[in-house]
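Now for the letters of each chain:
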Amino acid sequence: MAPLDDFLREHERLTRRFFLRAGLGGAAATACWPLIGTSDDGPPALQAALEKLESYLTRQDEFRDVSRGKPIPHTLSAEAKQAAGLTRDTWSLDVVSDPDNPADLKSPLSAETGNPFTFSALMELAKKHSVIFAKVMTCNNIGCPLGMGIWEGVPLRELVWLAQPRRNVRRVFFKGFHNDDPKQEFRSSLPIGRVLEDPFDLPPVILCYKLNGEWLSSERGGPVRIVVPECYGFKSVKWLSRLTLTNLWHANDTYANGNNDIDSWLKTFAATLSVPPAPKPGEPIVVTGYAQVGISGLRRVQVWVQPEDAEWPRDDRYFQKAPWQDAEILSPPQVWGGSESGALPGRPIGFNEDGRPERWPLRLAKMHWAAVLPGLAAGEYTFRCRTIDGNGKAQPLPRPFDKSGRNSIEQVSLIVEA
Ligand SMILES: Nc1nc2c(c(=O)[nH]1)N[C@H]1C(S)=C(S)[C@@H](COP(=O)(O)O)O[C@H]1N2
Ligand SMILES: [Mo]
């Protein structure tokens, strides 16, 4: 492998000017990501890789779906959805006290007492209180995000206040429609404090009804789902059908089964999107990828190529002593994608009037990166990437345990053949 100095010089020559220029607005851009204007700014392979990058936002129907149910609620027929209240004109929600651990509510809302919360009531609240924000939806048990979206909804607290809680409220439980079968139930919960007050710099927990500017599809949990900005997917209950205010002091999430850490916030980690399948000796190697920007933000993405036969000290299981090099963080995209028009739906929290993010990368969202590595001699190598979070902690630290969200260091084998 090239010595460190060569690597740095080469890396800088190939990428610095390009990325700086791209960051200044990418006037020549024709695709989602800023493109190279002239051919001497980097190898054509970099241009090609950037052209093929995924769009920033994921279309609703392109999210990966891991939801449970027999049948899964979104696969029901149109008539069955109407009967189950899974359409905008039939949806209604009960907001009630937990009989086992009663919360003191002055005016519970329920179908039984003839005053459930309806979709039109939600739209009334939306006129005054709606918010939109970017969030990546990730399952804590799956290594890659299910999709990246801009979610619109009404803060959940607006609904909680409609029930006029007075005292003895310590948690909010929510569950989704699951064929009226207790065995299929999917529930999650939050402390009342998180629902009523947003920690500094976090959007509110919402009753979500739109994704990327479109009505929330049935597959994504429509007509209404919960979205919790800083959490893994299992807190964002789909096909919301019941909200219970309780004085119970602890969670009862379905995901507590299966050994999951139900108090985990989104972690920061990096992964590759494209690695050349068969690089030739000496040919610059272009790698692209994304990172999930977790609760503690993202400072850097780094890459490292290790010759296959190199020994590694056993006490350095996270490769902290390796000669990691910074990759380039790509600018915000020119086109956001995720819908027919690809335009940004409205003005999400943290964006300015011109529709550009006030800070980059966005927290609790995805970002993209690229690296141009100098050519390698024939041989076998392992490529790795990692993040350094906003506190300076290198992935998988500070939280390396899988059941709190996957974030092990990705490794890809590279075979360079003459
Ligand atoms: N009602 C209901 N909500 C649910 C689930 C479910 O099975 N039923 N799965 C959860 C899990 S585990 C994840 S990771 C996310 C996935 O959201 P998505 O389908 O929009 O990608 O939905 C969550 N909400
Ligand atoms: Mo999940």
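Residues numbered from 1 in each chain as written. Chains lettered and ligands numbered in written order. Predicted model: local features only at pLDDT ≥ 70, side-chain atom pairs only at ≥ 80, totals over all residues. Heavy atoms only, no water.

(A) Structural context of the overall build of the protein chain. Of the regular secondary structure elements, the protein chain holds six helices and 20 strands. Of the roughly 19100 Å² that the protein chain leaves accessible, carbon and sulfur atoms contribute 50%. (Helix = DSSP H or I, 4+ residues; strand = E, 2+ residues; numbered from the N terminus. Areas by Shrake-Rupley, 256 points an atom, 1.4 Å probe, with all protein chains shown as cover.)

(B) Broad picture of the confidence of the model for the protein chain. Mean pLDDT over the protein chain: 91, with 90% of residues reaching 70 or higher. Here residues 1–5 scores under 50 on pLDDT; set against residues more than four positions off or in separate chains, the count is four contacts. Within the model, pLDDT remains below 50 along residues 20–31, and this stretch shows 14 contacts once partners closer than five positions in the same chain are excluded. (pLDDT = per-residue confidence, 0-100. Contact = heavy atoms within 4.5 Å.)

(C) Here's a closer look at the sheet that holds strand 18 (residues 366–373). If you trace the four strands from one edge of the open sheet to the other, you get 13-14-18-17, paired in antiparallel fashion. Each edge of the open sheet carries a strand with a single partner, namely strand 13 (269–274) and strand 17 (328–329). Where strand 14 (residues 285–292) and strand 18 come together, eight bridges link them in antiparallel fashion. What sits directly across from threonine 288, in strand 18, is alanine 370. Sitting on the sheet, helix 2 (residues 44–51) touches strand 13, strand 14 and strand 18, and the angle it makes with strand 14 is about 30 degrees. (Pairing = 2+ DSSP bridges. Axes fitted to C-alpha atoms, helices over the stretch in contact; angles between N-to-C directions.)

(D) Region of the structure containing the site of ligand 1. Contacts to ligand 1 come from 21 residues, most closely from Arg68, His178, Arg220, Arg225 and Lys238. Within the backbone of arginine 64, one N or O atom sits 3.2 Å away from an oxygen atom of ligand 1. In this structure, serine 236 approaches ligand 1 through a main-chain N or O atom, which is 3.1 Å from a nitrogen atom. Starting from 530 Å² of accessible surface for ligand 1 in isolation, the protein chains cover 100%. Here the shell around ligand 1 is built from residues that sort into 10 nonpolar, five polar and six charged. (Near = heavy atom within 4 Å. Polar contact = N/O pair within 3.5 Å; in protein donor to acceptor, adjacent residues only side chain to side chain. Nonpolar A, V, L, I, M, F, W, Y, C, P; charged D, E, K, R; others polar.)

(E) Expanded view of the packing of aromatic side chains. This structure, assessed with the given rule, holds 16 aromatic pairs. Centroid distance tryptophan 91 to phenylalanine 117: 6.1 Å. Interplanar angle 80 degrees. Geometry classified as edge-to-face. Linking tryptophan 91 in the loop between helix 3 (78–84) and strand 1 (92–97) with phenylalanine 117 in strand 3 (residues 117–118), this pair joins segments that are 26 residues apart in sequence. Using a relative accessible area of 3% as the deciding quantity, one classes tryptophan 91 as buried. The class of phenylalanine 117 is buried, set by a relative accessible area of 2%. (Phe/Tyr/Trp six-rings, centres within 6.5 Å; stacked < 30°, edge-to-face > 60°. Buried < 20%, exposed > 50% of the residue type's maximum accessible area, 1.4 Å probe, protein only.)

(F) Seen up close, the side chain of aspartate 389. With respect to the helices and strands, aspartate 389 occurs in strand 19 (residues 379–389). Here aspartate 389 occupies a buried position and makes no salt bridge, while the nearest side chain of opposite charge, arginine 299, is found at 6.3 Å. Apart from the residues lying within four places of it in its own chain, the contact partners of aspartate 389 are Thr268, Ser296, Gly297, Leu298, Arg299 and Pro398. (Lys, Arg positive; Asp, Glu negative; His and termini not counted. Salt bridge = Lys/Arg side-chain N within 4 Å of Asp/Glu carboxyl O.)

(G) Broad picture of the pattern of salt bridges. Counted by the stated rule, this structure contains 19 salt bridges. Linking arginine 220 and aspartate 65 is a salt bridge whose minimum nitrogen-to-oxygen distance equals 3.4 Å. Of this pair, arginine 220 sits in the loop between strand 10 (214–215) and strand 11 (225–227) while aspartate 65 sits in the loop between helix 2 and helix 3; the two residues are 155 residues apart in sequence, bridging distant segments of the chain. Judged by its relative accessible area of 2%, arginine 220 falls in the buried class. Residue class for aspartate 65 comes out partly exposed when judged on its relative accessible area of 26%. Here lysine 238 and aspartate 65 are joined by a salt bridge, their closest N and O atoms 2.9 Å apart. Of this pair, lysine 238 sits in the loop between strand 11 and strand 12 (240–246) while aspartate 65 sits in the loop between helix 2 and helix 3, and the two are 173 residues apart along the sequence. A single network of salt bridges, built from pairs that share partners, joins Asp65, Glu219, Arg220 and Lys238.

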